[in-house]
Amino acid sequence: MSNRPTLNIALQRTAMVSLFCLFVLCLLWEIWLAPLRPGGTLLFLKALPLAFAFRGVSRGSLYTIQWASMLVLLYLMEGVVRVMSDPPGPSIGMAWLEIILSSIFFFSALFYVRPAKRYAKQQKLQAEAQAKALDQHESKVSPEVSGQ
């Protein structure tokens with residue numbers, strides 16, 4: 001049996017910091033820095049889904065980091081759309097920052113989870129090989145037993 005994978009704590013911390021910064025950016029952007037309308041809008045609520053990932057990401061939960069990496073792609077997409085469509089001004093800078101932070105989170109999450117995924121795949125292949133060997137052994141033994 002192979003050893004359990006070693007997960008890179010620096011990647012987990014990078015993911016946590018970028019997630020927190022993305023959360024703060026979404027709040028500040030839509031409330032004070034460059035809201036769509038003067039006085040702000042309810043668009044700041046877009047930060048709420050990110051908050052649900054804080055606990056799991058801070059603990060290094062593979063499950064949470066995986067779903068959060070898919071969630072953050074929505075923020076990457078929003079940043080790209082707003083860079084292309086917003087009028088010139090501070091909002092474009094915020095959108096670029098959103099693209100950068102969501103990309104940092106995505107790639108750090110991806111590389112953090114990678115060793116665990118490889119380990120799981122390796123374990124699955126070993127289990128399948130053992131099951132196949134057991135089936136072959138049983139098929140050789142079965143005719144001898146039934147012949148008696």
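Residues numbered from 1 in each chain as written. Predicted model: local features only at pLDDT ≥ 70, side-chain atom pairs only at ≥ 80, totals over all residues. Heavy atoms only, no water.

### A closer look at the side chain of Glu30
Relative to the helices and strands, Glu30 is located in helix α1 (residues 9-33). The exposure class of Glu30 is buried, given its relative accessible area of 0%. For Glu30, the contacting residues outside a window of four places in its chain are Pro35, Leu36, Gly40, Thr41, Leu43, Phe44, Lys46, Glu78 and Arg82. (Helix = DSSP H or I, 4+ residues; strand = E, 2+ residues; numbered from the N terminus. Buried < 20%, exposed > 50% of the residue type's maximum accessible area, 1.4 Å probe, protein only. Contact = heavy atoms within 4.5 Å.)

### A look at the environment of Leu97
Along the polypeptide, Leu97 turns up in helix α5 (residues 90-146). Measuring from C-alpha to C-alpha, the distance between Leu97 and Lys140 comes to 64 Å, with 43 residues separating the pair along the chain.

### Re the pattern of salt bridges
Tallied over the full model, the rule gives five salt bridges. Between Glu30 and Arg82 there is a salt bridge, and its shortest N-O distance comes to 2.6 Å. Taken as a pair, Glu30 in helix α1 and Arg82 in helix α4 (residues 62-85) lie far apart in primary sequence, 52 residues in all. The buried category is assigned to Arg82, whose relative accessible area is 7%. Of the charged contacts, one joins Lys46 and Glu78 as a salt bridge, the two residues approaching to 2.8 Å between their closest N and O atoms. (Salt bridge = Lys/Arg side-chain N within 4 Å of Asp/Glu carboxyl O.)

### Examining the packing of α1 against α4
Running from N to C, α1 and α4 point in directions that differ by 40 degrees, and their axes come no closer than 12 Å. When the axes of α1 and α4 are compared, the pair comes out oblique. The chirality of how α1 crosses α4 is left-handed. Side by side, α1 and α4 meet where Gln12, Leu22, Cys26, Trp29 and Glu30 of the first sit next to Ile65, Val72, Tyr75, Glu78 and Arg82 of the second. Looking at the contact of α1 with α4 residue by residue, the classes come out as six nonpolar, one polar and three charged. (Axes fitted to C-alpha atoms, helices over the stretch in contact; angles between N-to-C directions. Parallel < 35°, antiparallel > 145°, perpendicular 65-115°, else oblique. Left-handed = near helix turned anticlockwise from the far one by under 90°. Nonpolar A, V, L, I, M, F, W, Y, C, P; charged D, E, K, R; others polar.)

### Quick look at the packing of aromatic side chains
Enumeration over the complete set of coordinates arrives at three aromatic pairs. A centroid spacing of 5.2 Å and a plane angle of 80 degrees characterise the contact between Phe23 and Phe54, whose relative ring orientation is edge-to-face. With a gap of 31 residues between them, Phe23 in helix α1 and Phe54 in helix α3 (residues 54-59) connect regions that are remote in the sequence. (Phe/Tyr/Trp six-rings, centres within 6.5 Å; stacked < 30°, edge-to-face > 60°.)

### Focus: the nonpolar core
In terms of nonpolar packing, the biggest core is built from 28 residues, with Leu19, Leu22, Leu50, Val57 and Phe105 touching the most fellow members. Looking at this core, the elements with two or more residues in it are α1, α3, α4 and α5. Among the elements that take part in this core, α5 stands out by supplying nine residues, more than any other. (Core = buried A, V, L, I, M, F, W, Y, C linked by side-chain atoms within 4.5 Å.)

### Points about the side chain of Asp86
On the secondary structure map, Asp86 appears in the loop between α4 and α5. We classify Asp86 as buried; its relative accessible area is 14%. One polar contact links Asp86 to Ser91, side chain to side chain, over a distance of 2.4 Å. Here Asp86 is in contact with Ser91 and Ile92, once residues within four sequence places are set aside. (Polar contact = N/O pair within 3.5 Å; in protein donor to acceptor, adjacent residues only side chain to side chain.)

### Overview of α1
What α1 keeps buried is the set Gln12, Ala15, Ser18, Leu19, Leu22, Phe23, Leu25, Cys26, Trp29 and Glu30. Here α1 starts with a cap whose side-chain oxygen sits 2.9 Å from the backbone nitrogen of Ala10, and that cap is Asn8.

### Focus on the state of the cysteines
Between two cysteines, a covalent bond joining their sulfur atoms is known as a disulfide. Under the definition given, this model contains zero disulfides. Here Cys21 stays free of any disulfide, with the sulfur of Cys26 as its closest cysteine sulfur at 11 Å. Overall, Cys26 belongs to the buried group, its relative accessible area being 0%. (Disulfide = S-S within 2.5 Å.)

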